[in-house]
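Working through the structure, step by step
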Amino acid sequence: MGQTVTERGAEPSAPAAPSAGPASPGPAAGPKPSPRRGRYARGAVTGEPARNQEPARGQEPVRSQEAPRGQEPPRGQEPVRSQEPARGQEPPRGQEREAVRTPAAHAAGDALLALDPAYRSAFTAAPLAMAVVAPDGLVVGANATLARLLGAPRPDTLAGRVAADLVDLAADPRTWQAYREVLRGRQAVLRCTRRLKHPDGHSLWAQVTVTPLTGSEQGVLLSVADISARRELQARLRHLQMHDPVTRLPNRSLFFERLTTALETALTSDVGTGRVGLCYLDLDGFKAINDTLGHRVGDRLLAAVAERLTRCADEAGFNRTGAPLVARLGGDEFALLVEDSSGTEQLADLAEAVLTALQAPFDLSGQRLSVSASIGVVERHAEGTTATGLMQAADTTLYWAKADGKSRWTLFDPERNAHRMTRQALVSTLRPGIEREEFVLQYQPLVGMSDGRVRGVEALVRWDHPQFGMLSPNRFVGLAEEDGSIVPLGRWILRTACRQARRWQLDHPGEPPLFVSVNVAVRQVWDSDLVSDVARILAECELDPGLLQLELTESALMGSAGRPIKALQALSDMGVRIAIDDFGTGYSNLAYLSRLPVSVLKLDGSFVRGFQYEDGAGAGAAGESGRSAPNAADEVIVEAMVQLAHRLGLSVTAEGVETAAQAARLRRIGCDTGQGWLYSRPVAPDDIVTLLTQDAPVL
């Protein structure tokens, strides 16, 4: 990149005049002409007689060697041709130019010599390196500062040199073209930065400025400023800006810069695999060390971890073109970037090496500390990958590694990530979906085991998502509980279900009114005034409180105390029925049954599945169908729970009833109501009307 300052050629001397005879004794030149005031005589520069000056005595005037205009040269003598290029014509790039004094150079030289002595003295003694360049690109004159900067012995040795070669303006096509435009007067100014090589071997950074001379003068002014100190300061500041002060590793900014460059290189280069890999790690338990032992110990631990990671990277890159880049991204997060990776196996080996290196305890001034790491590993083709996308995948994989138990590495799984992306899409559209009323209610009948008549219905919410279609509750209810949107969603479900129950009651006054059962999350009790909401909705819908049943899961209800219990007691006092859903799968703390305001126990369907066959046909049918044989203990457990509930004054509903055999055995045990596909799947409100008005029992 640097340009060694070399001489392109010397200014040719004037041709000798033919002598008419032997030279007369005495000095060879006449008296020295006195220059005009404020100007230098032309002959003082060119060696020719000054204009209107006679030659010295005994000296023949210099005559042109060219034939007169229109006269052919003598036979056998070649005509003398001018060595100057045409006006405005530049020599080809890379071709040695002879330092010939062209008319343009003469004009520029005249302009320089015509300067007032004060201006010329300022030019000569200026601390800024400068040179006057003729339109043909040759240096006419330079000051001492430029000579010292370029390592020239004297300023006059630069005269006649090609200015573009002195400051390396032909290094790139754009700068060269701009420089030629300035020489031709088509561009006002050129500024660029060049790295020049001094004859003594050191390099320097220079800011080069080329501006046209003002007035009637021809040529340009070339100025060169040494900015090496400024560049060095900028480099030091950039290093501080791009490196972590604790570990001395590249920081997040430099890491993303290198990652972006690696992706671009992998796409454009014909050499290599075109792949890139990343190990994104987080220290397990570092926060506890930082909080208990202080930030000073934490910083020393981070520095020690950085040393081990750097050692692992150096060992991994020993037999390869380059070692992975190790960076600290912030806090206790580090990253190892593998450019031109060979596949997931290479990244897996690197992750294993990192985990092994971090297993040994750290000795920090007598304190032995142990720390592990969770690592997310991503390796893929650079095509179609962005730096942000790669980091998102690595961050997701790191989260998986921590969720899977920590102190391990996990490889990115596109299918698992697609599930996560879907989950995130549902979270982001959940609240807007409630506002847009994208949710609908379906109802599943609760049938009396003794007569097969519909006694009530359970309201089950569905999400008619514009992108993913109809979604069941297990796809979004958990998300709604996490972000709190279960409160407005539950309020909407409660109001809609009560309105529908009241409408059935008004439309079919001759039928026994159906009660409606609504699921309630424990967060609804904590984050809202559930008692007030229920009372207001019942009043709006003019629905009897005895026709509303609220279901809470056993795990949520048994693990609650204080406000939830008080709220349930207030609802029970209001006349609302309270049911424990999925009973038998949670805490099963029977002591709570005597203290909670519970009206109904809903047995989980896992118990009912053991009632698949009638007595004597179980083993054979199970063997033929390939299904597991019924468990006799399930019937014993269910019978005991039914008897216990009845002794406590509670009714029992069996969930998951799918066959007539199950219904028959539950009926014999004494179960009150059943719910399942044997009777009906969750259906729209109009289908419930059909079940309600039919003469025959559901089963």
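Look up a bit, the structure's there.
Here's what I pulled together on the structure shown here. (Residues numbered from 1 in each chain as written. Predicted model: local features only at pLDDT ≥ 70, side-chain atom pairs only at ≥ 80, totals over all residues. Heavy atoms only, no water.)

1. Remarks on the overall build of the protein
- Secondary structure summary: the protein contains 24 helices and 21 strands in total.
- Of all 699 residues assigned to the protein, the portion counted as buried reaches 42%.
- Considering only intrachain contacts with a sequence separation of at least 6, the fraction spanning at least 24 residues in the protein is 65%.
- When the accessible surface of the protein is split by element, carbon and sulfur atoms take 50% of a total near 37600 Å². (Helix = DSSP H or I, 4+ residues; strand = E, 2+ residues; numbered from the N terminus. Buried < 20%, exposed > 50% of the residue type's maximum accessible area, 1.4 Å probe, protein only. Contact = heavy atoms within 4.5 Å. Areas by Shrake-Rupley, 256 points an atom, 1.4 Å probe, with all protein chains shown as cover.)

2. A few points about the sheet that holds strand S1 (residues 129-133)
- Read across the open sheet, the five strands follow the order S2-S1-S5-S4-S3; overall the sheet is antiparallel. The sheet is open, and its two edges are formed by strand S2 (139-142) and strand S3 (190-197), each paired on a single side. In this sheet, neighbouring strand axes are inclined to one another by 25 degrees on average, regardless of whether the strands run parallel or antiparallel.
- In the sheet, S3 pairs with strand S4 (residues 203-212) via eight bridges, with the strands oriented antiparallel. Paired with Lys197 across the bridge in S4 is Ser203.
- Along the sheet, helix H3 (residues 117-125) contacts S1, S2 and strand S5 (220-226); its crossing angle with S1, the most-contacted strand, is approximately 125 degrees.
- Those strands touched by helix H7 (residues 228-242) are S3, S4 and S5, and its axis lies near 120 degrees from that of S4. (Pairing = 2+ DSSP bridges. Axes fitted to C-alpha atoms, helices over the stretch in contact; angles between N-to-C directions.)

3. Looking at the sheet that holds strand S6 (residues 275-284)
- Judged by pairing direction, the sheet is mixed, and its five strands sit side by side in the order S7-S8-S6-S11-S12 without closing on themselves. The open sheet has two edge strands, strand S7 (325-330) and strand S12 (409-411), and neither has a second partner. If you compare each strand with its neighbour and ignore which way they point, the axes differ by 20 degrees on average.

4. Focus on the nonpolar core
- Membership of the largest hydrophobic core comes to 52 residues, with the highest contact counts inside it found for Tyr443, Val516, Val534, Leu548, Leu550 and Leu571.
- The element contributing the most residues to this core is helix H15 (residues 486-507), with nine residues.
- Formed by 33 residues, the second largest nonpolar core is a distinct cluster that contains Ala163, Ala178, Leu222 and Val224. (Core = buried A, V, L, I, M, F, W, Y, C linked by side-chain atoms within 4.5 Å.)

5. A few points about the packing of helix H9 (residues 286-293) against helix H10 (residues 295-316)
- Here H9 crosses H10 at 140 degrees, and the two axes come no closer than 6 Å. One way to sum up the angle between H9 and H10 is to call them oblique. For the pair formed by H9 and H10, the contact residues are Phe286, Ile289, Asn290 and Leu293 on the first element and His295, Val297, Gly298, Leu301 and Leu302 on the second.
- Of the residues that constitute the contact of H9 with H10, the class distribution is six nonpolar, three polar and no charged. (Parallel < 35°, antiparallel > 145°, perpendicular 65-115°, else oblique. Nonpolar A, V, L, I, M, F, W, Y, C, P; charged D, E, K, R; others polar.)

6. Some details on the pattern of salt bridges
- One pass over the full model with this rule turns up 25 salt bridges.
- A salt bridge links Glu540 to Arg495; the nearest nitrogen and oxygen atoms lie 3.5 Å apart. Residue Glu540 is located in helix H17 (residues 530-541), and its partner Arg495 is located in helix H15; the two are separated by 45 residues in the primary sequence.
- Relative accessible area serves as the criterion here: at 46%, Glu540 is assigned to the partly exposed category.
- Salt-bridge contacts for Lys602 lead to Glu551; the nearest nitrogen and oxygen are separated by 2.8 Å. (Salt bridge = Lys/Arg side-chain N within 4 Å of Asp/Glu carboxyl O.)

All quantities given are derived from atomic positions and should not be read as evidence of function.
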